[in-house]
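# Examination of the molecular architecture
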Amino acid sequence: MAITVGSTTPTTGLLTSLGVGSGLDVATLVDKLVAAKKAPQQNQISNQAAAANTQLSALGQIGAALSALQSAMATLTDGSAFASRTVTSSDTTVLGAGSDGTAVNGSYNIVVGKLASSLKASSGAFASSSTAVGTGTLTLEVAGKSMSLTLDSTNNSLAAVRDAINKASDNPGVSATIVTGSDGAHLVLSGTQTGAANGFKVSSSGGDGGLAALNYDVAAPSGNALSVINAASDANYTIDGLAANSASNTISTAIDGLTLNLIKVGSSTLSVSSDSSKPTGALTNLVNTYNSFVGIYQNLTKYDATSGTAGAMIGDATLNSINSTLSSIVGGTANGTTLSSIGISLQVDGTLKLDSGKLATALSDGGKTVGNLFAGTGGFAAKLNGSLSNWVGDSGLLAGRTTSLSQQLKDLSSQQTTLNSRMDDLTARYQAQFTALDTLMSKLNSTSSYLQQQFDALNNSNKK
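The structure displayed is predicted, hence computed values, not measured ones. Per-chain numbering applies: the sequence of each chain, read as written, is numbered from 1 onward. In keeping with the predicted nature of the model, local features appear solely for residues at pLDDT of at least 70, side-chain atom pairs appear and are counted solely at 80 or more, and the whole-chain, interface and lining totals rest on all residues. Excluding hydrogens and water, the side-chain figures rest on all heavy atoms present in the structure.

### Quick notes on the sheet that holds strand β9 (residues 200-205)
Stated precisely, the cut-off is as follows: We call two strands paired when DSSP finds no fewer than two bridges between them. Secondary structure follows DSSP: runs of H or I at least 4 residues long count as helices, runs of E at least 2 residues long count as strands, and numbering of each begins at the N terminus. Note on definitions: angles span 0 to 180 degrees between N-to-C directions of axes, and those axes are lines fitted to C-alpha atoms, for helices only across the stretch in contact. A contact between two residues is defined here by any heavy atoms of the two lying within 4.5 Å.
Ordered in space as β6-β5-β9, the three strands form an open sheet in which the pairing is antiparallel. Edge strands, defined here as strands with exactly one partner in the open sheet, are β6 (145-151) and β9. The sheet shows a mean angle of 20° between the axes of neighbouring strands, taken without regard to direction. Judged from the seven bridges that link them, strand β5 (residues 136-142) and β6 form a sheet pairing that is antiparallel. By the bridge assignment, glutamate 141 is partnered in β6 with serine 146. Where helix α4 (residues 158-167) meets the sheet, it contacts β5 and β6, and its direction lies at approximately 145° from that of β6.

### Considerations on the nonpolar core
Inclusion rule: Definition of nonpolar core: a set of buried residues of the types Ala, Val, Leu, Ile, Met, Phe, Trp, Tyr and Cys, connected through side-chain atoms within 4.5 Å. Three labels apply to residues, based on accessible area from a 1.4 Å probe with only protein chains included: buried if under 20% of the type maximum, exposed if over 50%, partly exposed otherwise in between.
Core analysis: the largest hydrophobic core is formed by 58 residues, its most contacted members being Leu66, Leu76, Leu283, Phe293, Leu326, Ile342 and Phe374. Per-element tally for this core: the top contributor is helix α2 (residues 26-72), with 12 residues. Discounting chain neighbours no more than four positions away, the residues touching leucine 326 are Leu66, Leu69, Tyr290, Phe293, Leu384 and Trp391. Within the second largest apolar cluster, 27 residues are counted, among which are Ala121, Met147, Ala176 and Leu226.

### Structural notes on unusual backbone geometry
One non-glycine residue, alanine 143, adopts positive backbone phi at about 50°. Take alanine 143: it is sitting in the loop between β5 and β6. Note on alanine 143: relative accessible area 54%, which makes it exposed. Backbone geometry places aspartate 240, a non-glycine residue, at a positive phi of 50°. Residue aspartate 240 is classed as partly exposed on the basis of its relative accessible area of 47%.

### So, the sheet that holds strand β15 (residues 266-274)
Spatially, β1-β15-β3-β11-β12 is the arrangement adopted by the five strands of the open sheet, whose pairing is antiparallel. Of all strands in the sheet, those with a lone pairing partner are β1 (85-89) and β12 (242-246), marking the two edges. Ignoring which end each strand starts from, the neighbouring axes of this sheet average 25° apart. Taken together, the five bridges between β1 and β15 define a ladder with antiparallel strand orientation. Bridge pairing in β15 links arginine 85 to serine 274.

### A short note on the packing of aromatic side chains
Filter applied, for reference: Stacked, tilted and edge-to-face pairs are distinguished by plane angle, under 30 degrees for stacked and over 60 for edge-to-face with tilted covering the rest, among Phe, Tyr and Trp rings (Trp via its six-membered ring) whose centres lie within 6.5 Å.
According to the stated counting rule, one finds four aromatic pairs in the structure shown. Consider the rings of phenylalanine 293 and tyrosine 297, whose centres lie 6.4 Å apart with planes at 25°: the pair is stacked. One end of the pair, phenylalanine 293, and the other, tyrosine 297, are both in helix α5 (residues 277-301), four residues apart, so they sit about a helical turn from each other. Taken as a pair, phenylalanine 293 and tyrosine 297 share a single burial class, namely buried.

### Here we look at the environment of serine 387
Here serine 387 shows up in helix α9 (residues 380-391). Along the chain, serine 387 and threonine 325 lie 62 residues apart, while their C-alpha atoms are 8.0 Å from each other.

### Some remarks on the pairing of β12
Within a regular strand, the side chains alternate between the two sheet faces. Where strand β11 (residues 235-239) lies against β12, five bridges are found, and the strand directions are antiparallel. Within β12, the residue paired with alanine 235 across the bridge is serine 246. The loop that links β11 with its antiparallel partner β12 comprises two residues; one of these, aspartate 240, has a positive phi angle of about 50°.

### Overview of the side chain of serine 233
Applicable threshold: Two N or O atoms count as a polar contact when they lie within 3.5 Å, although within protein this holds only if one can serve as hydrogen donor and the other as acceptor, and sequence-adjacent residues are included solely when both atoms are side-chain atoms.
Along the chain, serine 233 turns up in the loop between β10 (227-230) and β11. For serine 233, the side chain forms a polar contact with the side chain of serine 117, separated by 2.8 Å. With residues up to four places along the chain from it excluded, the contact list for serine 233 reads Lys114, Leu115, Ala116, Ser117, Gly195 and Ala196.

### Examining the packing of α5 against helix α6 (residues 317-330)
Heads up, the condition is: The crossing is said to be left-handed when, going from far helix to near helix, the turn is anticlockwise and less than a right angle, and right-handed when the turn is clockwise. We call Asp, Glu, Lys and Arg charged. Ala, Val, Leu, Ile, Met, Phe, Trp, Tyr, Cys and Pro are nonpolar, and the rest, Gly among them, are polar.
Where α5 meets α6, the axes come as close as 11 Å, and the angle between the chain directions of the two elements is 145°. As for the relative orientation of α5 and α6, their crossing is left-handed in sense. Of the residues in α6, those touching α5 at Tyr290, Phe293, Tyr297, Leu300 and Thr301 are Leu319, Asn320, Ile322, Asn323, Leu326, Ser327 and Val330. The residue makeup of the contact of α5 with α6, split by class, is eight nonpolar, four polar and no charged.

### A few points about the pairing of β15
Alignment of strand β3 (residues 106-114) against β15, held across seven bridges, turns out to be antiparallel. Across the sheet, residue serine 107 finds its bridge partner in β15, namely serine 271.

No statement about biological role is implied by the geometric values presented.
And the structure:
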């Protein structure tokens, strides 16, 4: 009995239509299977990482805004913003002045009778700078401090003496130079400090006696070899008729909080007045910086009903607490009064508004009233800084949140590495399995083709 198989439906056609055999796309099949296996865990890791990064970015914005607010408080905290003074001199060619911020407002008539000067003296003429002066010990003394130079035939020229004085590590305050005129070279000595008490004394001993050509002592009745060019003297001046003197032309002890710079003989009126530009600038900066924080807070916590999108930190308890605390401080009282009393008022939208006219009036007393509002443990500066220090900085609340999120991202990165490793192993296993299957199907197709040929041959034989 013959077995008949219709040639119109060959076995090879069936296997090929199922997508198996030597034509199997193993790579695509494996990729899709692995992707399907990986997707749920990958989505979870990606979503958590995206959320953590969004939170980190938002915390970074908040931290930067609060740090800026802390910086804006600096001059208000130490009071320097309210201590600024404008100092003017009616004749700046006679007198200059500066303030450390503690000077009181007022006017002073200052008459400069004499400027402080340093001693300058010249030796007699020598043939040239290379001419030997003498040997022995040369001693220079200023205000009880002295140095001694040992000079011999190897280092006793006029130029060598100059260099020895200038290079000495224990120089008490004398500089030396050589001035050459028509009569020859002169060694010129100058005191480095002004004032009668800072005049120098030069003496010599031993050697050949030639160094006596440089001797000088203002108290000596005779024997001085140096000629005085400028005598050491103190400055003489009066302040509103009160006589005073100083070894220096820069005087910081004459009027509280002021430094006087005497320039030349003459008179000048010195005026000290409050400078409102610095406190106004500091308070304007505080308002702008605070409003910048409010803007960031509102952006991060908003909800758009139209698009259905929410801010990165909507409902965040930490951020809401920070905003509530700041709002409570700036809208409350400090040292018995409010910011609104100086022209800074809290608005309905949470921002601050500055009334420049009201602030100018508050600053009209030289900044005393406004300064008192921020000063002390009960002032606005202490209240704001106390809260800000709890939030920002290495040990602040935001740093703790940031560290936690950074650790979460690190853990997610480890999870990602583990997942990738598992999927690589799964890919290798699938590739091996499907490659083996593909090889088997290829062999089955070959066998099927052979059997088909045999069946066809048998059918042809039966038809004869």
